[in-house]
Structures are given as C-alpha cells and as structure tokens.
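Here are the chains, one letter per residue:
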Amino acid sequence: MSTIGWRDRLQGQMDPELAEEIEVFENQVELRKDGRVDERVFAETRLRRGVYGQRYDNGQRHDGVEHRRLEFPSGDLTKGPETLWDAPGMLRIKVPWGGLTPLQIDVLAELAEEYSDHVLHVTTRQDIQLHYVHIEDMPTVMRRLAAVGMTTREACGNGVRNLTACPLSGVCRTEAFDVTPHSEALFRFLLGHPDCQDFGRKFKIAFSGCADEACGLVMMHDLGAIARVDVVDGQPVQSFDVYVGGGLGTTPHQAKLLAGQVPLGELLPTVQAVSRVFARLGEKQNRNRARIKFLVSQVGIEEFSRLVREEREILPYDPRWTAHLEDGLLPEDPARALDTGAEDDGADPAFLAWRENNVYLQRQPGYAVVTIPLPLGDISSGQSRLLADVARRFVGDTVRTTVEQNIVFRWVRLEDLRDLHAALAEIGMADPYAETIVDVTSCPGTDTCKLGISASRGLAGELRERLAAKSGELDEAVKGLRIKVSGCFNSCGQHHVADIGFFGNSRKSGGRVVPHFQVVLGGQWQENAGSYGLAVGAIPSKRIPEVVDRITNQFVADRLPGESFLDWSGRTGRKGLAAIIEDLKQIPEYEDDPALFSDWGNPREFSIGDIGVGECAGEVISSTDLELSFAESIAFEAQVALEDGDIERADDRAYRSMITAARALVRTELPDVPEQDDVIVREFDTRFVETKRFQDRFAHGKFARPLLERHASGQSVATEEHARTLVEEAQLFIDAAHACQIRMAGATSATQ
Amino acid sequence: MNPHRISVKLYLDDPAALDAEAVVPPFHRYIREDAVGGIPIDVARYAHVVNGPGVLIIGHQLDYAIDYAEGRAGISVTRKRDPEGTLVEQVRDLATEAARLSLLLQGEDGIGDAGRVGTGEALVTILDRYEAPNDDETLVRVEPTLREAFEPLSECAAVEVTRVGGAREPFAARVAITAARPLERWAEGSAALA
Ligand code: HEM
Ligand code: SF4
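Conventions adopted
Residues numbered from 1 in each chain as written. Chains lettered and ligands numbered in written order. Predicted model: local features only at pLDDT ≥ 70, side-chain atom pairs only at ≥ 80, totals over all residues. Heavy atoms only, no water. Helix = DSSP H or I, 4+ residues; strand = E, 2+ residues; numbered from the N terminus. Rg over C-alpha atoms; globule rule 2.2 N^0.38 Å. Buried < 20%, exposed > 50% of the residue type's maximum accessible area, 1.4 Å probe, protein only. Contact = heavy atoms within 4.5 Å. Buried area = accessible area lost by both parts, 1.4 Å probe. Salt bridge = Lys/Arg side-chain N within 4 Å of Asp/Glu carboxyl O. Polar contact = N/O pair within 3.5 Å; in protein donor to acceptor, adjacent residues only side chain to side chain. Near = heavy atom within 4 Å. Nonpolar A, V, L, I, M, F, W, Y, C, P; charged D, E, K, R; others polar. Expected span 1.5 Å × (residues − 1). pLDDT = per-residue confidence, 0-100. Domains from an automatic or database assignment. Pairing = 2+ DSSP bridges. Axes fitted to C-alpha atoms, helices over the stretch in contact; angles between N-to-C directions. Core = buried A, V, L, I, M, F, W, Y, C linked by side-chain atoms within 4.5 Å. Phe/Tyr/Trp six-rings, centres within 6.5 Å; stacked < 30°, edge-to-face > 60°.

## Focus on the overall build of chain B
Okay, step 1: A tally of regular secondary structure across chain B gives 5 helices and 8 strands.
Okay, step 2: Reading the secondary structure of chain B in the N-to-C direction produces β-α-β-β-β-β-α-β-α-β-β-α-α.
Okay, step 3: Since a compact globule built from 194 residues should have a radius of gyration of about 16 Å, the 16 Å found for chain B is in line with a globular shape.
Okay, step 4: Its C-alpha atoms give chain B principal-axis dimensions of about 45 × 35 × 30 Å.
Okay, step 5: Per-residue burial for chain B yields a buried fraction of 58% across its 194 residues.

## Here's the deal with the interface of chain A and chain B
Okay, step 1: Listed by partner, the interface residues are 49 residues for chain A and 34 residues for chain B.
Okay, step 2: Across the interface of chain A and chain B, roughly 3600 Å² is buried in total on both sides, 53% from carbon and sulfur atoms.
Okay, step 3: When residues of chain A are sorted by the area they lose upon contact with chain B, Arg61(A), Glu114(A) and Tyr132(A) head the list and together hold 15% of the total.
Okay, step 4: Taken together, chain A and chain B are joined by 10 salt bridges.
Okay, step 5: A salt bridge links Glu110(A) to Arg129(B), with the nearest nitrogen and oxygen atoms 3.7 Å apart.
Okay, step 6: Across the contact surface, chain A and chain B share 20 residue pairs in polar contact (both at pLDDT 80 or more).
Okay, step 7: Sorting the residues of the side of chain A that touches chain B by element identifies α1 (2-10), α4 (102-115), β17 (378-380), α12 (381-394), α14 (456-469) and β26 (602-605) of chain A as the ones contributing at least two each.

## Considering the site of ligand 1
All names here are of chain A.
Okay, step 1: Near ligand 1 lie 21 residues; those nearest to it are Thr 123, Lys 202, Leu 248, Arg 291 and Cys 492.
Okay, step 2: Separating an oxygen atom of ligand 1 from a side-chain N or O atom of Arg 291 is a distance of 2.3 Å.
Okay, step 3: The residue inventory of the shell around ligand 1, partitioned by class, reads 7 nonpolar, 8 polar and 6 charged.

## Focus on the site of ligand 2
Okay, step 1: If you check the shell around ligand 2, you find Cys443(A), Pro444(A), Gly445(A), Cys449(A), Leu451(A), Gly452(A), Ser486(A), Gly487(A), Cys488(A), Asn490(A), Ser491(A) and Cys492(A) and nothing else.
Okay, step 2: Taken together, the residues of the shell around ligand 2 sort by class into 6 nonpolar, 6 polar and no charged.

## A look at α4(A)
Okay, step 1: Given a rise of 1.5 Å per residue, 14 residues ought to cover 20 Å, and the 20 Å separating the end C-alpha atoms of α4(A) matches this to within 8%.
Okay, step 2: For α4(A), the tally of buried residues reaches 13 of 14 residues, placing the bulk of the element in the interior.

## Section: the confidence of the model for chain B
Okay, step 1: Per-chain confidence: chain B averages 95 in pLDDT, with 99% of residues scoring 70 or above.
Okay, step 2: Here the complex is predicted with pTM 0.88, and the ipTM for its interfaces comes to 0.97.

## Brief notes about the domain arrangement of chain A
Residues and elements named next belong to chain A.
Okay, step 1: Domain parsing of chain A yields domain 1 (2-146), domain 2 (171-326), domain 3 (349-426), domain 4 (441-605) and domain 5 (623-751).
Okay, step 2: For domain 2 and domain 5, the distance between their C-alpha centres works out to 35 Å.
Okay, step 3: Taken together, the 5 residues of domain 2 in the interface contact 9 residues of domain 5.
Okay, step 4: Taken over both partners, the interface formed by domain 2 and domain 5 buries close to 730 Å², and the fraction arising from carbon and sulfur atoms is 51%.
Okay, step 5: Looking at the side of domain 2 facing domain 5, the largest losses of area belong to Thr 250, Asn 288 and Arg 289, adding up to 62% of the total buried there.
Okay, step 6: For the pair domain 2 and domain 5, the interface holds 1 salt bridge.
Okay, step 7: Lys 256 serves as the salt-bridge partner of Glu 721, at 3.2 Å between the closest nitrogen and oxygen.
Okay, step 8: Grouping the amino acids of the side of domain 2 that touches domain 5 by side-chain chemistry returns no nonpolar, 3 polar and 2 charged.

## Quick word on the sheet that holds strand β14 (residues 256-263) of chain A
All names here are of chain A.
Okay, step 1: Strand order in the open sheet formed by 5 strands is β10-β11-β12-β13-β14, with mixed pairing between adjacent strands. At either margin of the open sheet sits one strand with a lone partner, and together these are β10 (160-165) and β14. Shown here is a sheet whose adjacent strand axes are inclined to one another by a mean of 25°, direction ignored.
Okay, step 2: Examined bridge by bridge, β10 and strand β11 (residues 203-208) share 4 bridges and lie parallel to one another.

## Quick notes on the sheet that holds strand β19 (residues 407-413) of chain A
Two modes of strand pairing occur in sheets, parallel and antiparallel, and in both the strands are linked by backbone hydrogen bonds.
All names here are of chain A.
Okay, step 1: Taken in spatial order, the 5 strands make up an open sheet running β7-β18-β19-β16-β15, and their pairing is antiparallel. Of all strands in the sheet, those with a lone pairing partner are β7 (99-100) and β15 (359-361), marking the two edges.
Okay, step 2: Direction of pairing for β7 relative to strand β18 (residues 399-401): antiparallel, over a ladder of 2 bridges. Of the residues in β18, the one forming a bridge with Gly 99 is Arg 400.

## Remarks on the pairing of β26(A)
Residue and element names in this part refer to chain A.
Okay, step 1: Pairing of strand β25 (residues 598-599) with β26, which is carried by 2 bridges, proceeds in the antiparallel orientation. Note on β26: the bridge partner recorded for Ser 598 is Glu 605.
Okay, step 2: Between β25 and the antiparallel strand that follows it, β26, lie 2 residues; Gly 601 among them carries a positive phi value of about 70°.

## Notes on the side chain of Arg410(A)
Residue and element names in this part refer to chain A.
Okay, step 1: Tracing the backbone through its elements, the reader meets Arg 410 in strand β19.
Okay, step 2: A polar contact is formed between the side chain of Arg 410 and the backbone oxygen of Pro 167, at a distance of 2.6 Å.
Okay, step 3: With residues near it in sequence (within four places) discarded, Arg 410 still touches Pro 167, Leu 168, Ser 169, Gly 170, Val 171, Glu 332, Gln 362, Ala 368, Val 369, Val 395, Thr 398 and Arg 400.

## Overview of the nonpolar core
Okay, step 1: Trp354(A), Leu387(A), Phe409(A), Leu420(A) and Leu424(A) are the most contacted members of the largest nonpolar core, which totals 61 residues.
Okay, step 2: No other element matches α4(A), which puts 6 residues into this core.
Okay, step 3: Sequence-distant contacts of Leu387(A), defined by excluding residues within four places in its chain, comprise Ile372(A), Ile379(A), Ile407(A), Phe409(A), Leu424(A), Ile427(A) and Met429(A).
Okay, step 4: By size, the runner-up hydrophobic cluster in this structure holds 53 residues, among which are Leu18(B), Val23(B), Leu105(B) and Phe171(B).

## Details of the environment of Glu184(B)
Residue and element names in this part refer to chain B.
Okay, step 1: On the secondary structure map, Glu 184 appears in helix α4 (residues 183-188).
Okay, step 2: A residue is classified by how much of its surface remains accessible, and Glu 184, at 46% relative accessible area, is partly exposed.
Okay, step 3: Through-space distance from the C-alpha of Glu 184 to that of Arg 100 is 7.9 Å; in sequence the pair is 84 residues apart.

## Details of the packing of aromatic side chains
Describing an aromatic ring pair means giving the distance of the ring centres and the angle of the ring planes.
All names here are of chain A.
Okay, step 1: The full count for this structure, using the stated rule, is 23 aromatic pairs over all chains.
Okay, step 2: Here Phe 207 and Phe 240 contribute two aromatic rings whose centre-to-centre distance is 5.6 Å and whose plane-to-plane angle is 85°, an arrangement assigned as edge-to-face. Note that Phe 207 is positioned in strand β11 and Phe 240 in strand β13 (residues 235-244), a separation of 33 residues in sequence.
Okay, step 3: We classify Phe 207 as buried; its relative accessible area is 0%.

What follows is the structure, encoded as structure tokens:
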C-alpha cells in the first residue's frame, strides 16, 4: 500500500518533531477506527492538526426535495460529534506569511490530484486548503507536506493559526522595514509552544510593514505587529507597535495598542507573555466569549497591558527570542540579476491592461511584484505545476499567497515583464483584474463549510463574471473598489473591511426560506483595516448583482471630485444608502419568481440545515414576519443614530429592536403578551432561551445574551464603543429571531 | 498493483457546444435520483478554473466530471475508494460509467448532442505516484491491463497504448481504439462485452 510506502520513503526527509506528531496522529486514527478513542478527544486532536469537517459530514444532505442520508460504508463510525468517518473533510495547510516555493507548489498539486479534487484553494488568511479528503489519507498527505517543510499543525482548533503578513514585505515602497524574518521567527517559536496549548479559542496573528496601507490587516487580528522606524540619537531604530484584541466574526473589534516601539528582541517574549495571560484568564467555557478581544474589552487595555508586562518580567529566558536577530536578517535575493534593467513598453493592449493592474514596482529599482489573480482563490493541479515552472523561470522561490486569495511573484525583472505576461497568458493566468472590483474575495460558504447559510462562492463567481464582462466600461472610481463575501455572520470572507461587503443570512416568505445577503458598506481596507462597514439591509441573493450596480452607479453619480467610497458612504449616510436598495427587499410570491428561492450556482430549492421547507406555500405574510421586519427598522434607526453621533438613542433603539423581535417570538405562543419589557424578556428567556430554542446550532446562545444583559443592567451604556457593539448585536439578534422562527415553522410542518 | 485512484476520461466530440454550467441542474438531479453510483455527495463547480476539473459530482467512491484538464473537455470518472474486481475490471467499469454519464447527458433537454463523447480515444490516469510513477517502467507494467480492458470495446480488438505527460505528472496513458464499438455498448458494462 502506498501509505506505508510513503512513510518509509519519506523517513529522514521530515522535521523529526513533525514526523513524530504525524505518527501519533496516524495511531489516533487507527485507535478511533477501533473505537478506542472518544470521538470528542479525536475531534480536538484532528482539528489541532488542521483536519476540519466539511458540509454534509453528519451524513445528511437536503437534495432539493428532501433530506437524505448518505450511506457510507463505515456506517455510524464517527470522527467527532455528528461527524461521520467516511464523510469528506477539509485539510488546511499553513503557509506562514504566505511564502511558497515552486517545489512546494508541485507537491501541493500532487496531493490535490491524489487525495482531493484537483484544486488548491487559497484562503483569506494566506493558507491553502484541500477539500474532500478522507480522514484515513490525512497522515500520508501530512507526511508528503512535511517533506517539503509544510505543516498543518494548529491550522485549526484553539491555538495559534497561520501567521499572515503583507505580501510586499521586503520590497514595498512604503514599509518601515521587512517583517518577513520576524514573522518567520515568531511562527516557528509559537508552533506547538507549551504556552499556547491552553487557549479557549483560536488566536490569529498578522504583521504589517507600515501603519497606513492595508496589507497586514493588523487591526482585525487577535494580535498584530506594525513595523516602525524612529530616529534616536541620529540613528534609525527599528521596532514594532504591538496591537491586541481585534477580530471580525459576529462582533467585530478593532485591535488596541498593547505596547508601542517594542524593540525587535522583545517581540517574541512580549507575544509569549500575551499568550500566557490569554491562556490563564481567557474564557474557556463559553466559546462565544473566548476570543482574546473579549478579555481585552473586559479588563480594559491598560490593565491587560499591565498583566502582560508583569508576565514578561517573570518569563524564563529563552535564547530563541533573539536567535534570528543574531543570525543576521538576510534579505531575500532576486533569482535573476538585472541585465539591461530597461522595460520593453510595447503597445499590446492585453499586456498594457495587465501591466496597469497587476504590476507593482518594488522599492528595488528594476524589479516588480506581479499579481496572478486566482478566481475565487482556486487553481487547478495542472495549472499549479505550470505556474511553478513559470516561477522557476522568472522568480525562483519568491512566491507568496495573499489574503485577497491570489498569488504574487516577487522580484520580477522589469525587462522580463512581457515574457512573463506571455508565459502566464499561455496557461490562462494573465487576467488583468488584480485588486480591482472584479477580483472578488469569498469564504467557502455553502460549497463546503458546515456553517454556510448562503452561497458566497456562487455569488462571488457571478459578480466576478458580470464585472469582468463590463470591466472596460467601469468608471475609474469603481474599478478600484473591493467586494468581499462571507457565507454567514462569521466573516471569514472579511466583508467588514471591504468597500462593498456581503454576508449570508436568510428570510422566510410564504412558508419558504429565501437565501439573502446582508449588505455591508464602507469598510476600510487602508490603515490595516482601520474601520468596519455597517449593515444597511438584507437583500435576496439573486438580487445582489443589482445591488452592486445601483450602489456603484449612485457612487459615480454623487461623488465629489476625489472622494473615496468610504467618504461617500459616510456622507450619504445609512438612510441614504438603504434607500438605494430598499425596494429590492420585497419578496414576491414563489410562483412569480421561483429563481429567487434558490441560491447562486445551486438549483436545489434553498434550505438551511435540517429545516424542512414549510408546506404552507402561498401563505400570506404572518404577523411574526411583520413584527420582525418592524424590529429591523428599529435596528436601522439605531444605526442611523449611531452615525449621527447620538449614542444614547443608538443604544435605546438597539435595545428596543431586540425587545420587539423577542416579543414577536413570544407572541407566537402567548398572543396577548403585554407591552412590558420585564414580561417580554422573562417570557422570552423561559420559552426560548432556557429551552434552547433560540440557540443557533453553532453559535449556541450567544445571540440572546445582549438582550438579557442589557435588560438586566436596566440602563443605557454611555460609550460609543458599547453602543456600536450593541447595534451590531441587535442586528444579529434579529437574524437569530428569523432563524428561530424558520426552525419553528419547520418543526410545525414536520409534525403536521 | 493496487493503485490509490484511477481515472478514465472520454473526450467530448464538440467541446464548444457544451456549457459546463448547464450540467449543474442534471448533476443535482442524478444525485437525487440515484442515477450515478459511488455514493454521490454533492456537486462541485470549478468551471471558473482554466483547464481545471470543471463541474463534478463528488462522491465517496467515485467522482464524475465534465473535466477540462489538459485543455481538452471530456467526461471523466475517477475511482477513489473501495475498488472492486481486478484492475482490468476496474478500468473497464470506469469507461462504462463515463459512457453512461454521456448517454444520460445526451438525454437532457438543452444538452443533447453536446454531451456526446467519442469512443476512439480514452485517457487512463493512475493517481498514485508511489505505485505508479509516470515512467516507461510503469507503462510496461500496466499496458497489458489496459489492452485487456479496452480490447473488447473495439470491434477488432485493436488498441494502441501510449504514455503521456512528464515525470511530475501522474501516470497517464492514451488508449487509441480502432473500430470502437458504439457508446451504447460501452455503457452496458463488462458483462455485456464478455
Ligand atoms: C468549517 C468551516 C469554518 C468554520 C466552522 C469557521 C468558524 C469561524 C467562526 C466561528 C468565526 C468567527 C470568529 C470567531 O469567533 O472565531 C470565523 C472567523 C474567521 N474565519 Fe472561519 N470558519 C470556517 C472556515 C473558514 C475558512 C475556510 C477560512 C479561510 C481561511 C476562515 C477564515 C476566517 C477568518 C479570516 C475569520 C475572521 C477573521 C477574524 O476574526 O480573525 N474560516 N470562522
Ligand atoms: S463566513 Fe460562515 S460560511 Fe463562510 S467560511 Fe466562515 S463560517 Fe463558513
């Protein structure tokens, strides 16, 4: 068998510690197969090795008409709670700071062919994912990766995830200095570090070479480091500003400054001290409050910084803190020395368009960075091999993945640009859309993610196709916008930091469920994702292309000279933005437009999870629907108030919207519930929270908490940050109320 | 030899006539109606990837695809797990499945002839670099198997096998079939051809 064959063949080619880890994991696989390891223990074991579940892995799939059981040969054997052994799985491969070599690309291509579906998928955190991999193949895949220096260790689970960094590090014109060697040192230092094994939740780190551009997206990370140079006594001194407590997800937080001007040699111990504080004080029981952002909010950044300093003082010395500095920080070398240095600027329009969008001139004269856009982050195994050859020819080992799900080649000689373009065009990889509105980013969504609500990839693909078709006519101001799509509120597609973002949700109409996307406008990409967009309304999936058209047209029509999308959306205001798309919210009768009831790229009638489609098609809109939409308009008022700087009103409206939504649910069982907050909250708590009916299968009870806490406190919270959080939470509360209503309708129709 | 995965691809007669996205609704229906084997799970859409795997019915044991690899559109079927029978039977069964899928697609409104594949040529790929590196030695080992698998598909038992691709690619052999039997016969499977 090739499994044993590979193990023997690769002995000695793997890092011994990784080899040992994989051996242990392989044994765990065998033990679990024999039922000798508990499924929960096995699930955590595999997650810590990057082995995720995938959609339908509970063995149930809605085929468009009914739920069907997938009859796998291993029957009921599981690899985790509700996760069948034979069900396909996803493997996430860490690519620290995005760095890849052609040899690694070759091996990834081999693995995609032999164990997956011939596609490598670049994620929004510079990782590579393989989908549809069987659990029993995982150890061999891991060994083959380890033999070329790649790991899946801690790519999932409650640990330090992939470490991301700006793909221009070292060659960027505006950076303070190259963060690559520091990122690499920190990555190696933290991988498997004992101080990082006891986290209550995942921990994401990013590096950026400067504060102003987007690049590293430091502000949305659990921990981030931004490079800076200060002149001290006439000498330039390099250091990092270290930020902590950012994150997207359901309640986005901006990171806060933990410590400024941290000397290079202090970076690793500082992060180690943060890890210890997080491991010791971070929430462990409630997953939904376990990210470090909650701890930082709870104790305050000053106290958190003090705890970290205190911890730093007592850390036992570790030579690895500074080993990378002593080795000397070697800059990356170009694969090809400059010859003429002159760029051939011919007039082929395809080349010129590509040159304009996909080429960035490096700080080093004569060289450029070239972006190779991957549609939806995908590249086939065959293409990967060809691309590796092109890399060998032009840039050697200086390839990187990006958080925009593309690949970049660094150190391209300007004199080679034409030949490189021709070589890429020959393999179909010279799309001239890099970092334009056509280059839409998306999370996996309903294609493979268990949590997906709407088809983010389906929508992203559709938008990409439509925008590419009219890219020639797009206004310059529109061309540079960013669109990002997430399949649900978890924000893996990073929609919060796009000009135009979407996240999946659903609404009920006439007994059926309609896929929707919440429209999020005006997120900031610059300044390391310096501020987040806010929601302006949920629209049926199939109408999102129309939303993009209307929003971009309005922007072009209204725009003041030089005005950015961010500024325009701020000036237009939430009310103004919502008005542009308001009429698109209306859901017609099923018979009038059945297409609206299925999602992009998926002809099956839409359904969420195990919820059956109600049999009451054609039913007129229920009073619950009406009340929930009323709650939504109150939430909208809250957002407008927030925008106007009226914090008190924002807080009050957010709270009111949740009360209204809770009342809508309570009224389904207690039609005469009085208009008294105490009674509504009490009834909601006993009927929906305590009975766990309001719980999301994955988010559990988190959506109910803001209402219960805000009600219990009995008063308005004064700060803008609290109000902003409450406003976001109110929207999620209403989404959860919709979902709860859908579940109840499903349960009712199933029992009828 | 007990390879990890084997795939057989038949080429579309008129690749330009078929829009890959057009197979998405029938593929979902085939899953619902158990029209394909191999414990189908879901439809994966990769038509946006140039020269990629196209649109697939991904299953536990078998993947069926409108496949654009090598820049040539075809129907490929891959055995991923739980092989049955001899290697000859496994290869021939995959050719049968590819033929069956072509016939199913030809029966679809809006697809029709665009789903037709030729029978004069097949590509057999062994996706197992450990057992079957892409070299002449492997060709020597598998050629008799491929002959035996495809000869009954030719009226005069005349097939020619050539290895294709470089050492970094999986082992692949192009099988040219002279006087090939009609697709309907291929679709009947091993027993009918014996
Ligand atoms: C089974 C599939 C997945 C699950 C269950 C999942 C779960 C989650 C959850 C719950 C969050 C919310 C934030 C939190 O509290 O941690 C989140 C955020 C995020 N996930 Fe995923 N995710 C999945 C797939 C992915 C994929 C494929 C990627 C791409 C690498 C990804 C990247 C991210 C990013 C970038 C964020 C937001 C950024 C941040 O908060 O740091 N996730 N994910
Ligand atoms: S945003 Fe939601 S659907 Fe998308 S990958 Fe994350 S958890 Fe899955």
